[in-house]
Amino acid sequence: MSDSLLEAISESRCFGGAQRRYRHRSSVLGCSMHVSVFLPPQALAGARVPALYWLSGLTCTDETMVQKAGAQRLAAALGLALVAPDTSPRGEGVPDDPDGAWDFGLGAGFYLNASEAPWATHYRMHDYVVAELPALLESALPLNERRGVSGHSMGGHGALICALRNPGRYRSVSAFAPIAQPSTCPWGEKAFSRYLGPERGSWAAWEACSLIAQASERLPILVDQGSADPFLDQQLKPDQLRSAAAAAGHPLELRLQPGYDHSYFFIASFIDDHLRHHAAALLA
């Protein structure tokens, strides 16, 4: 399979557009990857449209959001493509957690570039999501260079660091229940210590609360967080993001949604607000 080839796996018509799934070879990750793409009717009619990249959370795949969030109806009306990458490299030769844990390894790439063996060879999800995948899709599909980025939980962390580390790359950013400061929560400490090594000084380059203090671009951030999320206090810690944004003068709308949990029922309830947030920047 050529590094530049998108192999179509499936297509289903959806609200006048097309929900597609592709496979391709990633030279950055050293393996084959799947990606799900929703093309709105405007794209099928010949227009080049902006894309919202959605980064999913722990244990999810490229199919999770497109099957559960209910985002296609409004995306079709607005003229936004939806791009959902997988959450880690996969396949023969890609290392996994030796104990088979769900919060590290396959399905848990954390959208960073690993520096430690054996992870560094394949676990370079940041470069894949930010550079390799958009270049491939924009050359092969009717997508223009206007990009937004969003995500959930681990993927919310990923969306924030993608935008904060790459000024000018995205026009909009949002997140659902992001892991705000991985260095201070069990999920993040486990992943960062293995992917990046034990020296905590290197971790700051991969967490939003540290990056926001030095951000050269001030994209307004929209974050939704459920008050009944079982991971709220131990893993997500949105107040740390609020404090970091306030200290840096970075525009942040952090909405605590009463009674909502960590599930895609929560995401489906507020996804339209996020689509409109991105559309305001991507379609301006």
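Everything discussed here concerns the structure shown above.
First things first, this report covers the structure right here in the doc. Source: prediction; values computed, not measured.

Reading the values: rules and limits
- Per chain, residues are indexed from 1 in the order of the written sequence.
- Residues qualify for local features only when their pLDDT is at least 70, as the model is predicted, and side-chain atom pairs are given and counted only at 80 or more; totals for whole chains, interfaces and linings, by contrast, use all residues.
- Side-chain metrics rest on all non-hydrogen atoms present in the structure, leaving aside hydrogens and water.
- Strands here are runs of E lasting at least two residues and helices are runs of H or I lasting at least four, both read from the DSSP assignment and numbered beginning at the N terminus.
- Radius of gyration here uses only the C-alpha atoms, and the compact-globule reference equals 2.2 Å multiplied by the residue count raised to the power 0.38.
- The buried label applies to any residue whose accessible area, calculated with a 1.4 Å probe on protein chains only, is under 20% of its type's maximum; exposed applies above 50%, and partly exposed to all values in between.
- Contact between two residues is taken to exist if any of their heavy atoms lie within 4.5 Å; hydrogens are not considered.
- To be clear on the numbers: accessible area is Shrake-Rupley with a 1.4 Å probe, and residue cover counts the displayed protein chains and nothing else.
- Only centres within 6.5 Å qualify two rings of Phe, Tyr or Trp (six-membered ring in Trp) as a pair; their planes then separate them into stacked at under 30 degrees, edge-to-face at over 60, and tilted for everything else.
- Cation placement over rings: the criterion is NZ of Lys or CZ of Arg within 6 Å of the ring centroid and within 35° of the ring normal.
- We call a set of buried residues a nonpolar core when its members are Ala, Val, Leu, Ile, Met, Phe, Trp, Tyr or Cys and they connect through side-chain atoms within 4.5 Å of each other.
- Comment: arc refers to directions from the helix axis out to C-beta atoms.
- We call two strands paired when DSSP finds no fewer than two bridges between them.
- Helix axes are fitted only over the stretch in contact, all axes being lines through C-alpha atoms; the angle between N-to-C directions runs from 0 to 180 degrees.
- Salt-bridge detection follows one rule: a side-chain nitrogen of Lys or Arg within 4 Å of a carboxyl oxygen of Asp or Glu.

### Some points on the overall build of the protein
Next, step 1: Scanning the protein from N- to C-terminus turns up ten helices and nine strands.
Next, step 2: Compactness check: the protein gives a C-alpha radius of gyration of 18 Å against a globular reference of 19 Å for 284 residues, within 12% of the reference.
Next, step 3: By its C-alpha atoms, the protein is 50 × 45 × 35 Å across when sized along the principal axes.
Next, step 4: By the burial criterion, 57% of the 284 residues in the protein qualify as buried.
Next, step 5: Nonlocal contacts in the protein, meaning residues at least 24 apart in sequence, comprise 72% of its contacts between residues at least 6 apart.
Next, step 6: A total of about 10,800 Å² of accessible surface is found on the protein, and carbon and sulfur atoms cover 50% of it.

### Re the packing of aromatic side chains
Next, step 1: Per the stated rule, a full pass over the model turns up 14 aromatic pairs.
Next, step 2: Measuring from ring centre to ring centre gives 4.8 Å for W187 and F231, while their planes differ by 50°; the resulting arrangement is tilted. In this pair, W187 sits in helix α6 (residues 186-195) while F231 sits in the loop between β8 (221-226) and α8 (232-236), placing the two residues 44 residues apart along the sequence.
Next, step 3: We classify F231 as partly exposed; its relative accessible area is 27%.
Next, step 4: Counting every residue linked through ring pairs, the aromatic cluster contains W54, F176, Y260, F266 and F270.
Next, step 5: Looking at R165, its charged tip hangs above the ring of W206, at a distance of 3.6 Å from the centre.
Next, step 6: Over the face of the ring belonging to F104 we find R194, whose NZ or CZ atom lies 4.9 Å from the ring centre.

### Details of the nonpolar core
Next, step 1: In terms of nonpolar packing, the biggest core is built from 92 residues, with V83, F110, L137, L143 and Y195 touching the most fellow members.
Next, step 2: Among the elements that line this core, the one with the most residues is helix α10 (residues 264-282), at eight residues.
Next, step 3: Residues contacting Y195, with those up to four places away along its chain left out, are F104, G105, A108, G109, F110, L112, A114, S115, E116, W119 and Y123.

### Let's talk about helix α9 (residues 238-248)
Next, step 1: Within α9 the residues assigned to the buried category are P238, L241, A244, A245 and A248. Along the axis of α9, the buried residues cluster in a sector spanning 120°; they form a single face. Exposed positions of α9 whose direction lies more than 90 degrees from the buried face are D239, A246 and A247.
Next, step 2: Looking at the buried positions of α9, the neighbouring elements they touch are α5 (154-165), α7 (208-211), β8, α8 and β9 (252-257).
Next, step 3: Residue G249 follows α9 closely and has a positive phi angle near 70°.

### Remarks on the sheet that holds strand β7 (residues 172-176)
Next, step 1: Taken in spatial order, the nine strands make up an open sheet running β1-β2-β3-β5-β4-β6-β7-β8-β9, and their pairing is mixed. Sheet topology places β1 (7-14) and β9 at the edges, where each strand pairs with a single neighbour. For this sheet, the mean inter-axis angle between neighbouring strands, taken without regard to orientation, is 20°.
Next, step 2: Sheet strands in contact with α5 are β4 (49-55), β6 (143-151), β7 and β8, and its direction is about 130° off that of β6.

### Considering the environment of L52
Next, step 1: One can find L52 in strand β4.
Next, step 2: Setting aside anything within four residues of it in sequence, one finds L52 in contact with A81, L82, V83, G148, V149, S150, L275 and H278.

### Concerning unusual backbone geometry
Next, step 1: Put simply, A117 and P118 share a cis peptide bond, and its omega is 0°.
Next, step 2: A positive phi angle, near 50°, is found at F15, a position not held by glycine.
Next, step 3: Topologically, F15 is positioned in the loop between β1 and β2 (17-26).
Next, step 4: When its relative accessible area of 42% is taken as the criterion, F15 is described as partly exposed.
Next, step 5: Positive phi, normally seen in glycine, also occurs at A177, with a value near 45°.
Next, step 6: By the element assignment, A177 lies in the loop between β7 and α6.
Next, step 7: Owing to a relative accessible area of 0%, A177 belongs among the buried residues under this scheme.

### Points about the pairing of β4
Next, step 1: In terms of burial, β4 is largely enclosed, as seven of its seven residues are buried.
Next, step 2: By the bridge criterion, six bridges tie β4 to β6 in an arrangement that is parallel. When the sheet's bridge partners are listed, A51 is paired in β6 with R147.
Next, step 3: Where β4 and strand β5 (residues 81-85) come together, three bridges link them in parallel fashion. Each bridged residue has a counterpart across the sheet, and for L52 the counterpart in β5 is L82.

### A closer look at the pattern of salt bridges
Next, step 1: Evaluation of the coordinates by the stated rule reveals 14 salt bridges.
Next, step 2: Ionic pairing is found between R23 and E7, a salt bridge with its closest N-O pair at 2.9 Å. Here R23, found in strand β2, pairs with E7, found in strand β1; they are 16 residues apart in sequence, far enough to count as distant.
Next, step 3: The exposure class assigned to R23 is partly exposed, which follows from its relative accessible area of 26%.
Next, step 4: With a closest N to O distance of 3.0 Å, E11 and R20 form a salt bridge.

All we've got here are geometric facts, nothing functional implied.
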